[in-house]
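One-letter residues, chain by chain:
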Amino acid sequence: MGELSRIGIALDSELLKRFDLSIEKSGYTNRSEAFRDLIRDRLVREQTAAPDATVVGTVTLIYNHHAYGITEKLTEAQHEHHDLVVSTSHAHLDHDSCLEVLIVHGKAARVQHFADILIGLKGVEHGRLVMTVPSLDAEHPHEHAHEHPHQHSH
Ligand code: NI
């Protein structure tokens, strides 16, 4: 993290009131931290949208283990993408339902593709991929995205 900058923002009072109520519900004790989190969330979303970005994340899957071939297909897909899988955790929720959470790591496009395969498997009832970056400070996507430094005017 760099040095601190203080900024002033002009904001509609009603909008600010609603924002304050909203962040209070989420347990924020100070507005600055809420703004910082919003900004980071935007930057993370932007960064993970770049196919070549290195991301970390989780794939959460709910499935019925009685569905035909589902456990084999899940295992096979994970072995085929073993370089993306850091770890897998499984919970037997009840007689039928399983919850599986994978910690994934790799290039955003491959992680997304892998998650699509898992979530799209017949028998997977619900799935979601959450992508983030190890550290916002560690990578500056625009410096990586543009191979030609002369395009920058600064
Ligand atoms: Ni299970």
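A short tour of the structure in this document, coming up.

**A short note on the sheet that holds strand β3 (residues 97–107)**
Next, step 1: On the basis of which strands lie adjacent, the open sheet formed by four strands has the order β2-β3-β1-β4 and antiparallel pairing. The strands lining the two open edges of the sheet, one partner per strand, are β2 (85–92) and β4 (124–132). Between one strand axis and the next, the sheet turns through 15° on average, direction left out of account.
Next, step 2: When β2 meets β3, the two strands line up antiparallel, connected through seven bridges. Along β3, the bridge assignment pairs T88 with L102.
Next, step 3: In the packing of helix α3 (residues 70–80) onto the sheet, contacts are made with β1 (54–64), β2, β3 and β4, and the angle to β1 comes to roughly 170°.

**Observations regarding the coordination of the nickel ion**
Octahedral metals with six donors have ideal donor angles of 90 or 180 degrees. Tetrahedral metals with four donors have an ideal donor angle of 109.5 degrees.
Next, step 1: Coordination of the nickel ion by the protein is provided by H90 (NE2), H92 (ND1) and C98 (SG), with metal-donor distances spanning 2.0 to 2.3 Å.
Next, step 2: Here the donor residues for the nickel ion map to a single chain with the spacing H-x1-H-x5-C.
Next, step 3: Residue classification places H92 among the exposed positions, given a relative accessible area of 65%.
Next, step 4: On the basis of relative accessible area, C98 is assigned to the buried category, the value being 2%.

**What to know about the packing of helix α1 (residues 13–25) against helix α2 (residues 31–48)**
Next, step 1: Following both chains from N to C, one finds α1 and α2 inclined at 90°, their axes separated by 11 Å at the closest point. The angle between α1 and α2 falls in the class roughly perpendicular. Each of L16, F19, D20 and I23 in α1 lies in contact with α2, whose residues at this interface are R31, A34, F35 and L38.
Next, step 2: By residue class, the composition of the contact of α1 with α2 is six nonpolar, no polar and two charged.

Rules used throughout
Chains are numbered independently. Their residues run from 1 in the order of the written sequence. Under the rules for a predicted model, residues below a pLDDT of 70 receive no local features and side-chain atom pairs below 80 are neither given nor counted, while totals for whole chains, interfaces and linings still include all residues. For the side-chain quantities, the full set of heavy atoms in the structure was used; hydrogens and water were omitted. At least two bridges found by DSSP between two strands are what make those strands a pair. Elements are defined by DSSP. Helices are runs of H or I of four residues or more, strands are runs of E of two residues or more, and each kind is numbered from the N terminus. All axes here are fitted lines through C-alpha atoms, helices being fitted over the stretch that makes contact, and every angle between N-to-C directions spans 0 to 180 degrees. Contacts are assigned to residue pairs that have any heavy atoms within 4.5 Å of one another. Water is not part of the atom set, so a site may look incomplete; the donors themselves are N, O and S atoms within 2.8 Å of the metal, or 3.2 Å for Na, K and Ca. Each residue is assigned to one of three classes by its accessible area relative to the maximum for its type, calculated with a 1.4 Å probe on protein chains only: buried under 20%, partly exposed between the two thresholds, exposed over 50%. Here the angle decides the label: under 35 degrees means roughly parallel, over 145 means roughly antiparallel, 65 to 115 means roughly perpendicular, and every other value means oblique. Residue classes follow a fixed rule: Ala, Val, Leu, Ile, Met, Phe, Trp, Tyr, Cys and Pro count as nonpolar, while Asp, Glu, Lys and Arg count as charged, and any other residue, Gly among them, counts as polar.

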